[in-house]
Amino acid sequence: MLIETFKIFCDIVNFKSFSRAAEANYITQPAVSRQISNLERAWKVVLLERDNKKIHLTHAGEILYQKAKLILEQYEELVFQLKQTTESVSGKVRVAAIHGVGMHELPPYVQRYIKLCPNVKVSLEYMQDSLVYHQVIHRRADIGIVAFPNARSNLKVIPFRNDELGIVCHPNHPLAKFKSATLTKIKGEKFVAFNKGIPTRKVLDEFLQKHKIPINISMEFDNIETLKRAVEINVGISILPLVTVRQEVERGALKAVGIKGKPLYRSLGILVQESRNLSSAVTKFIDLLAGQEGI
């Protein structure tokens, strides 16, 4: 098959060695030489030259090498796509997500996905924003989910959802009597915030500065669960995604107050490696998150 010969030829160029190309393709070195000789004879060109045991491409060899690489990439993509049409959805999906999203927003999606694809194992880890990017870039996670995503080299961002943010306080706080309140109501209040450097903190600081709302930062935390516990003991108020405090509000541990007139939303995005071929299991999980599932 010509595809196999193209692979052998590209391996010779990449390894700069006939013997290593033979090892990579599980054939003998004479068999490798015959493959190249057959190409040269069929096309009446010289593809490779040897000089002091070093291998050099001729002009014709350079042309073949560049075109053969493209053909091999297209062939691999073809094989991958054809396999996806016949394989049942199985395998593993590794998800890295920031704490709030992983704990409060993903579980319903994971539960639905497991019902739809019972042969797939879903691994969900919670971590800080910077680590999510690291895990996806280094292929330790198939997808990542972060707030206010930004595209980076070789990373693609797929929109996930937008979460409304609201004022969160202790049930005994004066703000608790309001269903919604203007931002002026929180001027000068003790405020429990995310650490600087966390995207939600950065956006919130810009939002409050834009509307000239001074606050008094009393405590800072690197994850939403610790932050909520601080608000529960009434050391300050905060502004958080309302979906992340639903349980605490239902049991009366916290009160959520809408922001009147100036709504604020947290955008969530799905991170994937742009150059990576994703399995059908991962693709279908992404489709489910993005509301496009065709399972």
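For every chain, the first residue of its written sequence is number 1, and the numbers climb from 1 along that sequence. pLDDT decides what is reported in this predicted model: residues at 70 or higher carry local features, side-chain atom pairs at 80 or more are listed and counted, and totals for whole chains, interfaces and linings draw on all residues regardless. To get the side-chain values, take all heavy atoms of the structure and skip hydrogens and water.

(A) Just the overall build of the chain, in detail. The number of helices and strands found in the chain is eleven helices and twelve strands. For 295 residues, the compact-globule formula gives about 19 Å, and the C-alpha radius of gyration of the chain, at 28 Å, lies well above that figure. If you line up the chain on its principal axes, its C-alpha atoms span 90 × 40 × 30 Å. Note on classification: 1.4 Å probe, protein chains only; a residue is buried when its accessible area is under 20% of the maximum for its type, exposed when over 50%, partly exposed between these limits. Looking at the chain as a whole, 43% of its 295 residues qualify as buried. Contact criterion: two residues are considered in contact whenever any of their non-hydrogen atoms come within 4.5 Å of each other. Of all intrachain contacts in the chain linking residues separated by at least 6 positions in sequence, the fraction that spans at least 24 positions is 73%. Surface accessibility follows the Shrake-Rupley procedure with a 1.4 Å probe radius. Residue values consider only the protein chains on display as shielding. For the chain, the exposed surface amounts to about 16200 Å²; the carbon and sulfur share of it is 51%. Charge separation in the chain, taken as the distance between the mean sites of 42 positive and 29 negative side-chain charges, equals 4 Å. Secondary structure counts use DSSP, requiring at least four H or I residues in a row for a helix and at least two E residues in a row for a strand, with both numbered from the N terminus. Atoms considered for the radius of gyration are the C-alpha atoms alone. The globule rule reads 2.2 Å times the number of residues to the power 0.38. For this count, His and the chain ends are skipped, Lys and Arg are scored as positive, and Asp and Glu as negative. Taken as the charge location is NZ of Lys, CZ of Arg, CG of Asp or CD of Glu.

(B) View of the packing of helix α6 (residues 106-116) against helix α11 (residues 280-289). Lines are fitted to the C-alpha atoms to define the axes, a helix being fitted only along its stretch in contact, and any angle between axes, read from their N-to-C directions, falls within 0 to 180 degrees. One way to put it is that α6 packs onto α11 with a least axis distance of 10 Å and a crossing angle of 130°. As judged from the angle between their axes, α6 and α11 are oblique. Once α6 is placed against α11, the crossing between them reads as right-handed. Contact residues: Leu106, Tyr109, Val110, Arg112, Tyr113 and Leu116 in α6; Ala281, Lys284, Phe285, Leu288 and Leu289 in α11. In this classification, Asp, Glu, Lys and Arg are treated as charged, Ala, Val, Leu, Ile, Met, Phe, Trp, Tyr, Cys and Pro as nonpolar, and every other residue, Gly included, as polar. Partitioning the contact of α6 with α11 into residue classes produces nine nonpolar, no polar and two charged. Here the angle decides the label: under 35 degrees means roughly parallel, over 145 means roughly antiparallel, 65 to 115 means roughly perpendicular, and every other value means oblique. Rotating anticlockwise by less than a right angle from the far helix to the near helix defines a left-handed crossing, while the corresponding clockwise rotation defines a right-handed one.

(C) A look at empty space enclosed by the protein. Using a 1 Å grid laid over the protein atoms alone, points where a 1.4 Å probe fits but cannot get out form a cavity; open sets with protein on both sides within 12 Å along at least 5 of 7 lines form a pocket; any residue with an atom within 4 Å of a point counts as lining. Grid points are joined across faces, edges and corners, and a volume is the space filled by probe spheres set on the points. Counting across every chain of the model gives one cavity of 30 Å³ or more. Within this model, the largest cavity holds a volume of roughly 40 Å³. Looking at the lining of the largest cavity, the elements that each hand over two or more residues are β8 (190-194), α8 (199-210) and β10 (238-241). Looking at the lining of the largest cavity element by element, the count peaks at four residues for β8. Here the residues of the lining of the largest cavity sort into six nonpolar, two polar and one charged.

(D) Focus on the side chain of glutamate 40. Its location among the elements puts glutamate 40 in helix α3 (residues 29-43). A pair is scored as a salt bridge if a Lys or Arg side-chain nitrogen falls within 4 Å of a carboxyl oxygen belonging to Asp or Glu. For the buried glutamate 40, which has no salt bridge, the nearest side chain bearing the opposite charge is arginine 41, at an N-O separation of 7.5 Å. The contact partners of glutamate 40, leaving out residues within four places of it in the chain, are Val45, Val46, Leu47 and Leu48.

(E) Examining the layout of surface pockets more closely. Empty space within the largest pocket amounts to approximately 270 Å³. As for the largest pocket, its lining consists of 18 residues, of which Ile98, Gln128, Asp129, Ile198 and Asp222 are closest to the centre. Of the residues assigned to the lining of the largest pocket, the class counts are seven nonpolar, seven polar and four charged. For the second largest pocket, the calculated volume is near 200 Å³. Contributing to the lining of the second largest pocket are eleven residues, with Ile3, Lys7, Leu72, Glu73 and Glu76 lying nearest its centre. Elements that contribute at least two residues to the lining of the second largest pocket include exactly α1 (2-15) and α4 (59-86). Looking at the lining of the second largest pocket residue by residue, the classes come out as five nonpolar, one polar and five charged.

(F) Main features of the confidence of the model for the chain. The quantity called pLDDT is the predictor's confidence in a given residue, expressed from 0 to 100. The pLDDT averaged across the chain works out to 89; a share of 95% of its residues lies at or above 70. Averaged pLDDT values over the elements of the chain bottom out at 82 in α4 and peak at 96 in β10.

(G) Structural view of the pairing of strand β9 (residues 216-221). The pairing of β8 with β9 spans five bridges and is parallel. Counted as the bridge partner of phenylalanine 194 is phenylalanine 221 from β9. Only strands that DSSP links by at least two bridges are regarded as paired with each other.

(H) Quick peek at the nonpolar core. As used in this record, nonpolar core signifies buried Ala, Val, Leu, Ile, Met, Phe, Trp, Tyr and Cys residues forming a set joined through side-chain atoms within 4.5 Å. Formed by 36 residues in total, the largest nonpolar core has its most connected members in Tyr113 and Ile143. For this core, the secondary-structure elements that each account for two or more residues are β3 (91-97), α6, β4 (120-126), α7 (129-137), β5 (143-147), β6 (155-169), β12 (264-273) and α11. Here the element with the most residues in this core is α11; it accounts for six residues. With 20 residues, the next largest nonpolar core counts Phe6, Ile55, Leu64 and Ala68 among its residues.

(I) Layout of helix α9 (residues 224-232). For α9, a buried count of seven out of nine residues is recorded, marking the element as mostly surrounded by other parts of the structure. Listed in full, the buried residues belonging to α9 are Ile224, Glu225, Leu227, Lys228, Ala230, Val231 and Glu232. Residues of α9 that are buried make contact with α5 (99-104), β6, β8, β9, β10 and α10 (246-250). Looking one or two places after α9, you find asparagine 234, whose phi comes out positive at around 65°.

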